[in-house]
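Topology and contacts: notes
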Amino acid sequence: AQSVTQLGSHVSVSEGALVLLRCNYSSSVPPYLFWYVQYPNQGLQLLLKYTSAATLVKGINGFEAEFKKSETSFHLTKPSAHMSDAAEYFCAVRLIQGAQKLVFGQGTRLTINP
Amino acid sequence: NAGVMQNPRHLVRRRGQEARLRCSPVKGHSHVYWYRQLPEEGLKFMVYLQKENIIDESGMPKERFSAEFPKEGPSILRIQQVVRGDSAAYFCASSPRAGVAGVSYNEQFFGPGTRLTVL
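Attention in this report is confined to the structure presented alongside it. (Residues numbered from 1 in each chain as written. Chains lettered and ligands numbered in written order. Predicted model: local features only at pLDDT ≥ 70, side-chain atom pairs only at ≥ 80, totals over all residues. Heavy atoms only, no water.)

Notes on the interface of chain A and chain B
The partner chain B presents 25 residues to the 22 residues of chain A that form the contact. Across the chain A to chain B interface the summed buried area is about 1,800 Å²; carbon plus sulfur atoms make up 55%. Taken together, chain A and chain B are joined by 1 salt bridge. Between Lys-49 of chain A and Glu-107 of chain B there is a salt bridge, with its nearest N and O atoms 3.6 Å apart. Here chain A and chain B share 4 residue pairs in polar contact (both at pLDDT 80 or more) between them. Looking at the side of chain A that touches chain B, the elements with two or more residues in it are strand E4 (31–38), strand E5 (44–50) and strand E9 (87–95) of chain A. Residue contributions to the side of chain A that touches chain B peak at 4 residues, all from E4 of chain A. (Contact = heavy atoms within 4.5 Å. Buried area = accessible area lost by both parts, 1.4 Å probe. Salt bridge = Lys/Arg side-chain N within 4 Å of Asp/Glu carboxyl O. Polar contact = N/O pair within 3.5 Å; in protein donor to acceptor, adjacent residues only side chain to side chain. Helix = DSSP H or I, 4+ residues; strand = E, 2+ residues; numbered from the N terminus.)

Listed below in structure tokens is the structure:
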């Protein structure tokens, strides 16, 4: 069975600082990996996805993530945080074959300090 | 292009009542997924449906919960005899077709959710 662990339920950074949100996954077979962002009282928006192509994936709003198979990690980064980045971020995994469901981590709430 | 539509956006029910949540997928999408988000938690998969078929209901509670996706009309998630523990945000996602190994991945598009409060 797949699972996702997001280290740190709350992360706080200063505006302009590096954003690093951690995600580790467990899967018996190579998975697809995703990062979603959720703004208050809204649905989920896809930031980026890894689908077995390039291990460094660039997404929207300046975010990127690197798939590291040896570390079973898919950490999300952004070089310079903006106030508008304040939101909840979810890492998710899905099998390439078989079950179509997404398995989500518990989320990380990102706060940006002025 | 209209995205995934969910209604109502907010629903208040008293214990013992029924809740019906509707999801209209992106036009042309034939696959629907329901997820539940309890307070301060991530999303948990409930059920995956194609038109007129339940494909995977491994995340559905055994009692009181049911889902359908008829040939015509929206997908419905139905909760009978609601209890306070059912209070959550329920999200629907849709995709045009199931992903196939070796073929390009198929993204799930999420709706804004229905926030159910049980009094």
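Notes on the pattern of salt bridges
All names here are of chain A. Counted under the stated rule, the structure contains 8 salt bridges over all chains. Linking Lys-78 and Asp-85 is a salt bridge whose minimum nitrogen-to-oxygen distance equals 2.9 Å. The buried category is assigned to Lys-78, whose relative accessible area is 6%. Two residues, Arg-109 and Glu-88, come together in a salt bridge whose shortest N-O distance is 3.0 Å. Residue Arg-109 is found in strand E11 (residues 108–113), and its partner Glu-88 is found in strand E9; the two are separated by 21 residues along the sequence. On the accessibility criterion, Glu-88 (14% relative accessible area) is buried. (Buried < 20%, exposed > 50% of the residue type's maximum accessible area, 1.4 Å probe, protein only.)

Regarding the state of the cysteines
Tallied over the entire structure, the rule returns 2 disulfides over all chains. The side chain of Cys-23 of chain A participates in a disulfide bridge whose partner is Cys-91 of chain A; the two sulfur atoms lie 1.9 Å from each other. One quick way to see it: the torsion about the S-S bond of Cys-23 of chain A and Cys-91 of chain A is about -65°, and its sign makes the bridge left-handed. With Cys-23 of chain A in strand E3 (residues 19–26) and Cys-91 of chain A in strand E9, this residue pair connects regions lying 68 residues apart in the sequence. On the accessibility criterion, Cys-23 of chain A (0% relative accessible area) is buried. Residue class for Cys-91 of chain A comes out buried when judged on its relative accessible area of 0%. The disulfide bridge from Cys-23 of chain B ends at Cys-92 of chain B, spanning 1.8 Å between sulfur atoms. (Disulfide = S-S within 2.5 Å.)

Notes on the environment of Leu-43 of chain B
One can find Leu-43 of chain B in strand E5 (residues 43–50). With a relative accessible area of 1%, Leu-43 of chain B lands in the buried category. As for Leu-43 of chain B and Phe-91 of chain B, which are separated by 48 residues in sequence, their C-alpha atoms are 8.3 Å apart. If we ignore the near neighbours within four places in the chain, the residues touching Leu-43 of chain B are Leu-44, Phe-90 and Phe-104 of chain A together with Tyr-35, Arg-36, Gln-37, Phe-91 and Phe-110 of chain B.

Structural notes on the packing of aromatic side chains
In this structure the tally under the stated criterion is 13 aromatic pairs over all chains. Note on Phe-34 of chain A and Tyr-36 of chain A: the rings are 6.2 Å apart at their centroids and 35° apart in plane angle, and the pair reads as tilted. We note that Phe-34 of chain A, like Tyr-36 of chain A, is buried. Chaining the aromatic ring pairs together yields one cluster made of Phe-34, Tyr-36, Phe-90 and Phe-104 of chain A together with Tyr-35, Phe-45 and Phe-110 of chain B. (Phe/Tyr/Trp six-rings, centres within 6.5 Å; stacked < 30°, edge-to-face > 60°.)

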